[in-house]
Amino acid sequence: LAKTTQPISMDSYEGQEVNITCSHNNIATNDYITWYQQFPSQGPRFIIQGYKTKVTNEVASLFIPADRKSSTLSLPRVSLSDTAVYYCLVGPPSGGSYIPTFGRGTSLIVHP
Amino acid sequence: IAGITQAPTSQILAAGRRMTLRCTQDMRHNAMYWYRQDLGLGLRLIHYSNTAGTTGKGEVPDGYSVSRANTDDFPLTLASAVPSQTSVYFCASSEGGLSPLHFGNGTRLTVT
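So, here is what we can say about the structure in this document. (Residues numbered from 1 in each chain as written. Chains lettered and ligands numbered in written order. Predicted model: local features only at pLDDT ≥ 70, side-chain atom pairs only at ≥ 80, totals over all residues. Heavy atoms only, no water.)

Quick look at the state of the cysteines
Rules: Sulfur atoms of two cysteines make up a disulfide when they are within 2.5 Å. Helix numbers and strand numbers start at the N terminus; a helix is a DSSP run of H or I with at least 4 residues, a strand a run of E with at least 2. Under the scheme applied here, a residue whose accessible area is under 20% of the maximum for its type counts as buried, over 50% as exposed, and between as partly exposed, the area being computed with a 1.4 Å probe on protein chains only.
Summed over all chains, the structure comprises two disulfides over all chains. Disulfide pairing is shown between Cys-22 of chain A and Cys-88 of chain A; the S-S distance is 2.2 Å. Because the sign of the S-S torsion sets the handedness, a value of about -80° for the bond joining Cys-22 of chain A and Cys-88 of chain A places this disulfide among the left-handed ones. Within this pair, whereas Cys-22 of chain A is found in strand E2 (residues 18-23), its partner Cys-88 of chain A is found in strand E8 (residues 84-91), the two being separated by 66 residues in sequence. Here the two residues Cys-22 of chain A and Cys-88 of chain A agree in accessibility, since each one is buried. Disulfide pairing places Cys-23 of chain B opposite Cys-91 of chain B at an S-S distance of 1.9 Å. Classification of the bridge connecting Cys-23 of chain B and Cys-91 of chain B rests on its S-S torsion, roughly -70°, and on that basis the disulfide is left-handed.

What follows is the structure, given as structure tokens:
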């Protein structure tokens, strides 16, 4: 089971780009990387998933280097509403005995 | 709207009482999960079920039990509540593996 490590907290200001890096040194060949976002008083919600190189959607971009031992979630031009906890998970895309483990995540605070 | 329904939204419970937290999904997902979230500790997995009729223990299963009689329902029971079980409880479902998890809105439980 791939273990992930991410910063406990980050601070940013409105309009800045925020990059949150997750380390997963023992990622398996068939593992994907998934990020979730959790606002206060709500359950986490899926934001992006990738296997290699770069994935982009309307919320964020996910950068994965060739060795796949880390990944970076990039939030362009953050606003106050991006204040949330961000979780990085690594595991097989479907089936098997994988059990999603969230940990403490990265608490992002966006300041005016 | 398809999704996860949790009930109750919140509850104050006397120590020693029995309580069942309800979770129902209408997405026909095979896998379901119960997490608890405490300040500074992130999301911790209590129990999970990969398919109807099977359950498994997560990181913090003591004091909790679950059943999975059918695909849609995954109740979590506290047989004799204790104050350390005061927490926010989230139920989630997915197609399994690292397929995106769908979370309910949570149950805020206070054990006095």
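Description of the packing of aromatic side chains
Spelled out, the test is: Stacked, edge-to-face and tilted are the three classes for Phe, Tyr and Trp ring pairs, Trp counted by its six-membered ring, which pair at centre distances within 6.5 Å; planes under 30 degrees apart are stacked, over 60 edge-to-face, the rest tilted. Geometrically, a charge over a ring is one whose NZ (Lys) or CZ (Arg) sits within 6 Å of the ring centre while staying within 35 degrees of the ring normal.
One pass over the structure, following the stated rule, counts ten aromatic pairs over all chains. Seen in terms of ring centroids, Tyr-32 of chain A and Tyr-51 of chain A are 5.1 Å apart; in terms of plane orientation they differ by 50°. Their pairing is tilted. Highlighted residues: Tyr-32 of chain A in strand E3 (residues 32-38) and Tyr-51 of chain A in the loop between strand E4 (45-50) and strand E5 (53-56), separated in sequence by 19 residues. When its relative accessible area of 29% is taken as the criterion, Tyr-32 of chain A is described as partly exposed. Judged by its relative accessible area of 25%, Tyr-51 of chain A is partly exposed. Plain terms: the ring middles of Tyr-33 of chain B and Tyr-35 of chain B are 6.3 Å apart, the flat faces sit at 40° to each other, and that makes the pair tilted. With respect to burial, Tyr-33 of chain B and Tyr-35 of chain B carry one shared label: buried. Among the aromatic side chains, those forming a connected cluster through ring pairs are Tyr-36, Phe-46, Tyr-87 and Phe-102 of chain A together with Tyr-33, Tyr-35, Phe-90 and Phe-103 of chain B. Lying over the aromatic face of Tyr-51 of chain A, Arg-68 of chain A brings its terminal NZ or CZ to 4.0 Å of the ring centre.

Overview of the pattern of salt bridges
One side chain can pair with another of opposite charge once the charged atoms of both are near each other. Residues and elements named next belong to chain B. What counts, and what does not: Salt bridges, as used here, are contacts in which a Lys or Arg side-chain nitrogen is within 4 Å of a carboxyl oxygen on Asp or Glu.
In the structure shown here, the tally under the stated rule is three salt bridges over all chains. A salt bridge links Asp-72 to Arg-28, with the shortest nitrogen-to-oxygen separation between them at 3.0 Å. Of the two residues, Asp-72 is situated in the loop between strand E7 (64-66) and strand E8 (76-78) and Arg-28 in the loop between strand E3 (19-25) and strand E4 (31-38); the sequence distance between them amounts to 44 residues. The exposure class assigned to Asp-72 is partly exposed, which follows from its relative accessible area of 25%. Here Asp-38 makes a salt bridge to Arg-44, at a shortest N to O gap of 2.9 Å. Arg-44 sits in the partly exposed class, given a relative accessible area of 22%. Within this structure, Arg-36, Asp-38 and Arg-44 form a network of salt bridges that share partners.

A few points about the side chain of Ser-93 of chain B
Residues and elements named next belong to chain B. The criterion, for reference: By the criterion applied in these results, polar contacts are pairs of N or O atoms within 3.5 Å in which, for protein atoms, one can donate a hydrogen and the other can accept it, and in which residues neighboring in sequence qualify only through two side-chain atoms. Only heavy atoms matter for contacts: two residues are in contact if any of them lie within 4.5 Å across the pair.
With respect to the secondary-structure elements, Ser-93 resides in strand E9 (residues 87-94). Within polar-contact distance, the side chain of Ser-93 engages the side chain of His-29 at 2.8 Å. Dropping the residues within four chain positions of it, Ser-93 is found in contact with Ile-4, Gln-25, Met-27, His-29, Ala-31, Met-32, Pro-100, Leu-101 and His-102.

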